[in-house]
Amino acid sequence: MCYRQLSAEIIKAGRTLYDEGLIVAGAGNLSSLLDDGSVLCTPAGVSKGHLTPEIMLRVNLDGEVLDKNDHARPSSELHLHLALYQASSSVGAVVHAHPPTATALSHVPGLNLCVTAEGAAILGPVAQIAYRTPGTVALGELCAEAAAKGATTFLLANHGAACVGKNLQEAMWRMSSLEHVARIWMTMHQLGSMSYLDDTEVKRLRQMMGSHSADIGAVALQVD
């Protein structure tokens, strides 16, 4: 995708995350691959609900800024984004946000978010990532380890979540679905009536969605 079109998509996605309450203040970050293999990403320290084209940044997969920009610096979570691109050739976009309910579930032992058919299919394999300081190489390495095992949705302990997709739209769908499913999970838990889809059905649903990780079960991968 060309720079201008992708920049417009990222700006729209940032506004969506902000409007849905999945990010606040200057939190969150988004990136996606351009046609030339470079990465277009959001800058640090600005509201992703109020992005403008001139503050977007283009970097290579080593993190080098390719176009001088006096208005912005790369996201503090650039290590996380680049690690995910390098971990799997199927990753074309990365969305990092702070969905409240999903983040609250990041420490639930043996977490299983396959409580709806749509959630099981769209989210794909979920990974629970142990806490590492935000913005560090260590956090990116843990997420990359999970991505290499097939995870597409990452719950970051005491931090937030990240979702990947073949494009920005797919990554955004996962992030919105993650918070939606987390709310359903929480409501079921409060009602004392948990009901999960079995692994056979989860794998069938993911195969229907064309998931390359359809053989992974429902319970979240643990990466620490």
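Reference entry: report on the structure contained in this document. (Residues numbered from 1 in each chain as written. Predicted model: local features only at pLDDT ≥ 70, side-chain atom pairs only at ≥ 80, totals over all residues. Heavy atoms only, no water.)

As a general point, the strands of a sheet are linked pairwise by backbone hydrogen bonds and lie either parallel or antiparallel. If you trace the eight strands from one edge of the open sheet to the other, you get β3-β2-β1-β4-β7-β6-β5-β8, paired in mixed fashion. At either end of the open sheet lies a strand with only one pairing partner, and these are β3 (57-59) and β8 (221-223). Across the sheet, the axes of successive neighbouring strands diverge by a mean angle of 20°, strand direction being ignored. Relative to strand β4 (residues 93-97), strand β1 (residues 29-33) is paired through four bridges, and the arrangement is antiparallel. Following the sheet pairing, Ser-32 is matched in β4 by Ala-93. (Pairing = 2+ DSSP bridges. Helix = DSSP H or I, 4+ residues; strand = E, 2+ residues; numbered from the N terminus. Axes fitted to C-alpha atoms, helices over the stretch in contact; angles between N-to-C directions.)

It is worth spelling out helix α5 (residues 137-148) at this point. Over its 12 residues, α5 extends 16 Å from the first C-alpha to the last, a length consistent with the 16 Å expected when each residue adds 1.5 Å. For α5, the full list of buried residues reads Leu-139, Gly-140, Leu-142, Cys-143, Ala-144, Ala-146 and Ala-147. Just beyond α5, the residue with positive phi is Gly-150, at close to 115°. (Expected span 1.5 Å × (residues − 1). Buried < 20%, exposed > 50% of the residue type's maximum accessible area, 1.4 Å probe, protein only.)

Here we come to the pairing of β4. Among the five residues that make up β4, five are buried, leaving the element largely enclosed by the rest of the structure. The alternating pattern of β4 places Ala-93, Val-95 and Ala-97 on one face and Val-94 and His-96 on the opposite face, and all of these are buried. As judged from the five bridges shared by β4 and strand β7 (residues 160-165), these two strands associate in the antiparallel manner. Bridge pairing links His-96 to Ala-162 in β7.

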